[in-house]
Amino acid sequence: MGHLQQQHYEYKLGGSLSIDHPTYIEREADRQLLKQLKRGEFCFVINARQMGKSSLRIRTMKRLQEEGFACVSLDLTSFGTSMPQKDWYESILEELLTKLQQEDNNLDLDLKRDISWNQNIVSCLSKFTNKILDRITTDKIFIFLDEIDCVRGLNFNYADLFLFLQYYYNQKQQNQSPSQDKSLVFALFGNVHPSDLVRRYQVKFNIGRSIPLEGFKFNEITPLTRGLKNKVENPEQILQLVLDWTNGQPLLTQKVCHLIQQAELDGPIDKQWIDDLVQRKIIDRWERNDSPEHLRTIRNQLLQNDRFVRKKLAIYRTILQTDGVEADRSQEQTGLLLSGLVLKNNQSIQVFNQIYQTIFNLNWVQAKLDDLRPYAEKLASWLGSQRQDRSHLLIGQDLEESLDWKTGKSLPQDDNDFFTESRILDERAKTRLRYFRENGFDYEQMMKAIMSWTYGKESLINKIFELIFNYNRDLETDTTAIGESDWLKKLIHSAIIDNSLTLNKEEHKFLMEAKVSNQQEVNIISEQNKKDAIEILNKLIDSNKFPNPQLPIENILKWASLQRSLINAIVAILLNNESEVEHPENIDLIVQQSIIENWRINKASEHLVEISNSLTNNPNYDPYLLLTSYQHILLQNSKRETDGSLTIEQKELESLGLIIQTSDGKIKVSNLIYEKVFNRDWVKQELENLKPYQEKLKKWLESNRQNKSVLLLEEELTQALDWRDGKIVDKEDDYFLAASQIENHFLQNTYLQ
């Protein structure tokens, strides 16, 4: 049958497909991306390499251009990574302008003439793109940014690019774009999610719509049968056997089809023949047969980043052993997904296909784990702290296991230094915490508690060791009753109050900065917020009013988190207070009396009045919808967002600073003061105040729903129903409006009679 092979049908192995290539498979992603872009949605396609992202981009651009839209594709790798910041952005704008002028000859703009770099990058990008929109003739400009993950190689803060995209998107959502009839529509393609790219700069990125790009499905791959029709008698059945191995992974599917097409046949093709072909040509000696490179790319991506590779491999081992693990949003799972080795199936992470499972099997994983440092993450963190943060050193069982692994190996000097410092710390800990060890307490847990309080600073560790050593013979509280961490906290607080633990100013500032940096939401709060908080709290330390300012600082952060105005207000009150305020209960009382109680008239609470007014008199969003969105967060206490996205109301609440989104996808009220002031009762009252019919509703309910004279009539009812549309209201509201409609209908019929 080999002589019957089609001569002009070739499967494509690697690289992007041309626009008219016969093997292009249209998937659900093609339809979704085109649909969402035409609606003006910001989209991104983030997936493993060789899943067809480039082909999808090329095909989508072609279809938009056929409909008369202007499209520009910018490959960020083409701009290099060694330029200064201004030159890099200038190169991007220059190519954007050049390509747009090819689409629109009348676009009269000159980069050197029409842009000034005197402002920040976001403002410059915004103003220049506004000029483009003002002068171009097309309604929508589609801009495709490819290979976005290459920005990690830049030697400057690249977060401005994503801040601009976010700023433009939010402006457009609020209908504040420079032209209501024209807009830029962005689509991002790459191997790393934008939010992960900007995490290092403490910037959050939660806009846009993710377009899933899945493997080929059987009902989609009809075009691939053309290359097999003159080779086999049953091409559809053969393709199903191919999918059994590849699960629709684009490159592997095309490769197996190509191998079938090129094979010399001695008889019919069946399942056993396909299994033997895949075993011989792909799995056996896979590193040699991996052309074009695909399996080695997955291996390299899985094993890169020594800091997390052990965790990734451990998770992958569990997936192999259990046929899947529950999906979460951890960096390790994300790394596995973007390597292409696994996929997300509903809420389960599973191996992508049988080829991967056969090559990267349990024996392979275990061998790689055996080769890895068990202490890699701690070593990297210790070196990253310039060898100062001793909380990353090894003690106890971790040290013993790592020393066993080290036996017989020749390691770099950094590793040897790490072990030396770990041994020193471990011996000192065992000596100073001898009482705990001799009396059956968990000294390793006590060391973790010490490190969590000292943040690994050596001088602080020594002081805590000394404190415990002096107290350990007079222990009245069994640590097993309350736990090592709570026992240590109680001991330290008592020592601070009675001045048996004294810290110098440098140590106080170190602890304060560490506490600010380790706030739960720190990864999504800007660097400026942290700097502001540190600047204000430094005033408290420098005032010398508090011999031990750690307790006031802890309480300030407990109440205000990192909200600058609130921190400033509390610090000002404490510095101006003549009485003893260092004790936590006194600070709680001051916050309650001077800020929370009578907050509408307290001078220290001006910031709270501004927040309240922004909610109840918001010019951009319906205040009722804002308040119901906030009420939902309050009632839920915290809410997990499955896709990391926020509603437009939640985004406004976030921009006001009222809520925050934490790294694990939860939304919560920003701080304890907001929770106490803008509580459920306050929200309920404000919602009632916003109802145009509230007074009449109240009278109707007071009459046990009997007083028809307060029901809404004619235009008043029409206005109330218009206001009610799209809102969540209480059942009593709906009963009241329904009763008003019935009464209107009755009166109209009576009038007609």
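Residues numbered from 1 in each chain as written. Predicted model: local features only at pLDDT ≥ 70, side-chain atom pairs only at ≥ 80, totals over all residues. Heavy atoms only, no water.

Colleague: How would you sum up the overall build of the protein? Please name residues and give values.
Modeller: The helix and strand inventory of the protein stands at 37 helices and eleven strands. For the protein, the spread of C-alpha atoms along the principal axes amounts to about 100 × 100 × 60 Å. For the protein, with 753 residues in total, the buried portion stands at 49%. Looking at the protein alone, contacts between residues at least 24 apart form 71% of all its contacts between residues at least 6 apart. When the accessible surface of the protein is summed, it comes to about 36,900 Å², and 44% of that surface belongs to carbon and sulfur atoms. The positive charge centre, built from 93 side chains, and the negative charge centre, built from 110, are 2 Å apart in the protein. (Helix = DSSP H or I, 4+ residues; strand = E, 2+ residues; numbered from the N terminus. Buried < 20%, exposed > 50% of the residue type's maximum accessible area, 1.4 Å probe, protein only. Contact = heavy atoms within 4.5 Å. Areas by Shrake-Rupley, 256 points an atom, 1.4 Å probe, with all protein chains shown as cover. Lys, Arg positive; Asp, Glu negative; His and termini not counted. Charge placed at Lys NZ, Arg CZ, Asp CG, Glu CD.)

Colleague: Any chance you could break down the packing of helix α24 (residues 484-497) against helix α27 (residues 550-560) for me, citing the residues and the numbers?
Modeller: When two helices pack together, their arrangement is captured by the angle between the axes and the distance separating the axes. Viewed as axis vectors pointing N to C, α24 and α27 meet at an angle of 125 degrees, and their least axial separation amounts to 10 Å. One finds that α24 runs oblique with respect to α27. Here His 493, Ile 496 and Ile 497 of α24 come into contact with α27, specifically with Gln 550, Leu 551 and Glu 554. For the contact of α24 with α27, a count of residues per class yields three nonpolar, two polar and one charged. (Axes fitted to C-alpha atoms, helices over the stretch in contact; angles between N-to-C directions. Parallel < 35°, antiparallel > 145°, perpendicular 65-115°, else oblique. Nonpolar A, V, L, I, M, F, W, Y, C, P; charged D, E, K, R; others polar.)

Colleague: Just give me the short version of the pattern of salt bridges, but keep the residues and values in it.
Modeller: Under the counting rule described, the total for this entry stands at 37 salt bridges. A salt bridge links Glu 293 to Arg 296, with the shortest nitrogen-to-oxygen separation between them at 3.8 Å. Classification of Glu 293 as partly exposed rests on a relative accessible area of 35%. Taking the shortest distance from any N to any O, the salt bridge between Glu 421 and Arg 390 comes out at 3.3 Å. Here the residue Glu 421 occupies a position in helix α19 (residues 413-432), and Arg 390 occupies one in the loop between α17 (376-384) and α18 (396-406), the gap between them amounting to 31 residues. (Salt bridge = Lys/Arg side-chain N within 4 Å of Asp/Glu carboxyl O.)

Colleague: Just give me the short version of unusual backbone geometry, but keep the residues and values in it.
Modeller: Negative phi values dominate among residues other than glycine, just as trans dominates among peptide bonds. The linkage connecting Ser 291 with the following residue, Pro 292, adopts the cis geometry, with an omega of -5 degrees. You can see Pro 292 is positioned in the loop between α11 (286-289) and α12 (295-303). Phi at Asn 544 takes a positive value of approximately 60 degrees, unusual for a residue other than glycine. Topologically, Asn 544 is positioned in the loop between α26 (527-542) and α27. Assessed through its relative accessible area of 54%, Asn 544 is described here as exposed.

Colleague: How would you sum up helix α25 (residues 505-517)? Please name residues and give values.
Modeller: An α-helical turn contains 3.6 residues, so a residue and the one three or four places further along point in the same direction. A rise of 1.5 Å per residue sets the reference length of α25, with its 13 residues, at 18 Å; its end C-alpha atoms lie 18 Å apart and thus fit the reference within 8%. Listing the buried residues of α25 in full gives Glu 507, His 508, Leu 511, Met 512, Ala 514, Lys 515 and Val 516. Where α25 begins, the side chain of Asn 504 points an oxygen toward the backbone nitrogen of Glu 506, at a separation of 3.2 Å. (Expected span 1.5 Å × (residues − 1). Polar contact = N/O pair within 3.5 Å; in protein donor to acceptor, adjacent residues only side chain to side chain.)

Colleague: Tell me about the pairing of strand β8 (residues 348-351), and please be specific about residues and values.
Modeller: Of the pairings in the sheet, the one linking strand β6 (residues 325-326) to β8 comprises two bridges and is antiparallel in character. Each residue of the ladder has a partner; that of Val 325, found in β8, is Ile 349. Bridge analysis of strand β7 (residues 342-345) against β8 gives four bridges, and the strand direction is antiparallel. By the bridge assignment for β8, Leu 343 is matched with Gln 350. Linking β7 to β8, which pair antiparallel, is a turn of two residues; within it Asn 346 sits at a positive phi near 55 degrees. (Pairing = 2+ DSSP bridges.)

Colleague: Before we move on, can you summarise the sheet that holds strand β5 (residues 209-210) with the specific residues and values?
Modeller: The parallel open sheet is built from five strands, whose spatial order is β2-β3-β4-β1-β5. Each having just a single partner strand, β2 (70-75) and β5 make up the two edges of the open sheet. Bridge analysis of β2 against strand β3 (residues 140-146) gives six bridges, and the strand direction is parallel. Looking across to β3, one finds that Asp 75 is bridged to Asp 146. Together, β1 (43-46), β2, β3 and β4 (183-190) form the strand contacts of helix α2 (residues 53-66), whose direction differs from that of β3 by roughly 165 degrees.

Colleague: Go over the sheet that holds β6, please, and point to the residues and values.
Modeller: Here we have three strands laid out as an open sheet, ordered β6-β8-β7, and antiparallel in their pairing. With partners counted over all chains shown, the strands left at the sheet margins are β6 and β7, one partner each. The strands that helix α13 (residues 309-322) touches are β6, β7 and β8; relative to β8, the one it contacts most, it runs at about 85 degrees. Contacts from helix α14 (residues 331-339) reach β6, β7 and β8, with the element oriented near 110 degrees to β7.

Colleague: I'd like a rundown of the packing of aromatic side chains, residues and numbers included.
Modeller: Enumeration over the complete set of coordinates arrives at 29 aromatic pairs. A centroid spacing of 6.2 Å and a plane angle of 75 degrees characterise the contact between Phe 42 and Tyr 169, whose relative ring orientation is edge-to-face. Taken together, the positions of Phe 42 in the loop between α1 (28-38) and β1 and Tyr 169 in helix α6 (residues 159-173) put the pair 127 residues apart, joining distant regions of the chain. The same class applies to Phe 42 as to Tyr 169, namely buried. Ring centres of Tyr 674 and Phe 678 lie 6.0 Å apart, and the angle between their planes is 50 degrees; on these two criteria the pair is classed as tilted. Assigned by exposure class, Tyr 674 and Phe 678 land together as buried. Grouping aromatic residues by their ring pairs yields a cluster made of Phe 42, Tyr 158, Phe 162, Phe 164, Tyr 168, Tyr 169, Phe 186 and Phe 205. For the cation-ring pair, Lys 457 lies above Phe 510, with the distance from its terminal atom to the ring centre recorded as 4.9 Å. Its end group placed over the ring of Trp 723, Lys 727 keeps NZ or CZ at 4.8 Å from the ring centre. (Phe/Tyr/Trp six-rings, centres within 6.5 Å; stacked < 30°, edge-to-face > 60°. Lys NZ or Arg CZ within 6 Å of the ring centre and 35° of its normal.)

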